[in-house]
Amino acid sequence: MTQILKIGHRGARGYVAENTLPSFQKAIDLGADGIELDVHVCASGALVVFHDFTLGRVTNGKGKISNFTLKELKKLKVLKNFQIPTLVEVLDLVDKKCFVNVELKGKGTAEEACDIIETYVLKKGWSYSDFIISSFKEDLLKKAFQHNKNIPLAVLTETSLKKALTFAETINAKAINPDFNLLSEDAVNQIHKKGFKINVWTVNEPSDIERMKTFGVDGIITDFPDRI
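Now for a quick tour of the structure. (Residues numbered from 1 in each chain as written. Predicted model: local features only at pLDDT ≥ 70, side-chain atom pairs only at ≥ 80, totals over all residues. Heavy atoms only, no water.)

**What to know about the nonpolar core**
Turning to step 1, where the next piece is worked out: Counting 61 residues, the largest nonpolar core has Leu 37, Ile 133 and Leu 183 as the members making the most contacts within it.
Turning to step 2, where the next piece is worked out: Considering each element in turn, this core owes the most residues, seven residues, to helix α4 (residues 109-123).
Turning to step 3, where the next piece is worked out: Excluding anything up to four places from it in sequence, Leu 183 contacts Leu 161, Pro 178, Val 188, Ile 191, Ile 198, Val 200, Met 212, Phe 215 and Val 217.
Turning to step 4, where the next piece is worked out: In this structure, Ala 17, Val 48, Leu 55 and Leu 76 belong to the second largest nonpolar core, which totals 12 residues. (Core = buried A, V, L, I, M, F, W, Y, C linked by side-chain atoms within 4.5 Å. Buried < 20%, exposed > 50% of the residue type's maximum accessible area, 1.4 Å probe, protein only. Helix = DSSP H or I, 4+ residues; strand = E, 2+ residues; numbered from the N terminus. Contact = heavy atoms within 4.5 Å.)

**A word on the pairing of strand β6 (residues 153-157)**
Turning to step 1, where the next piece is worked out: A large share of β6 lies buried, amounting to five of its five residues.
Turning to step 2, where the next piece is worked out: Here strand β5 (residues 131-135) pairs with β6 via three bridges, running parallel. From the neighbouring strand, Ser 135 faces β6, where its bridge partner is Val 155.
Turning to step 3, where the next piece is worked out: Crossover handedness for the path β5 to helix α5 (residues 138-147) to β6: right-handed.
Turning to step 4, where the next piece is worked out: Pairing between β6 and strand β7 (residues 175-178): four bridges, direction parallel. The partner of Ala 154 across the bridge, within β7, is Ala 175. (Pairing = 2+ DSSP bridges. Right-handed = clockwise from strand over helix to strand, strands pointing away.)

**Let's talk about the state of the cysteines**
Turning to step 1, where the next piece is worked out: If you walk through the whole model with that rule in mind, you get zero disulfides.
Turning to step 2, where the next piece is worked out: Of all cysteine sulfurs, the one in Cys 114 lies closest to Cys 42, which takes part in no disulfide; the gap is 18 Å. (Disulfide = S-S within 2.5 Å.)

**Some details on the layout of surface pockets**
Turning to step 1, where the next piece is worked out: Of the voids in this model, the second largest pocket is the one considered here, and its volume is about 170 Å³.
Turning to step 2, where the next piece is worked out: In terms of lining, the second largest pocket is formed by 16 residues, of which the most central are His 9, Glu 36, Glu 103, Phe 136 and Trp 201.
Turning to step 3, where the next piece is worked out: Sorting the residues of the lining of the second largest pocket by element identifies β2 (34-41) and β4 (99-104) as the ones contributing at least two each.
Turning to step 4, where the next piece is worked out: A class-by-class count of the residues in the lining of the second largest pocket yields four nonpolar, six polar and six charged. (1 Å grid on protein atoms, 1.4 Å probe; cavity = no way out; pocket = protein on both sides within 12 Å on 5 of 7 lines; lining within 4 Å. Points joined across faces, edges and corners; volume = space filled by probe spheres on them. Nonpolar A, V, L, I, M, F, W, Y, C, P; charged D, E, K, R; others polar.)

Here it is in structure tokens:
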């Protein structure tokens, strides 16, 4: 059996505050093959690593993340102890120790993410295979595809595998990243026959992890990378 990739969801979210540098370091320490993170463009133009569109759930701030400058965001605390990082800060921490799955969330993220990835490939010794860009939003994936066709893409879905597959073919995507509840062994076989990899999310319970392994998925996105 091919080795299943261990992908840390927002780092090692089960152990350390999500989408923070210590969380990504924890995932690396636990042997993750890759990390998954989310990006937004803040008011001053930097690409920041943060899941929600608003600040309230995990920080001591309130309002839309896109309305704050990087300087303002850096003053906030994530779960009382941590700071919101930029994508550049995360990539410098990772330093090619694992691959990075960048999920595009907010407006304007596609072009900015592509430009940062290109810089790391051309100037810092990374390769395009060290990255994958994913999103639920077709328009953002289209923009990424148009901006740089060398960057691997993945279509996220929690509703329809069929729709995801149809769209994936139009942007030459490398993978489908589905909610694990959508999958059956037959569905995995059909997706593989079409030439796509499958990275499932977010799989935390040991019984679900084992089921995904028996289905033959390619990667498992999890809050607990050490459980894979």
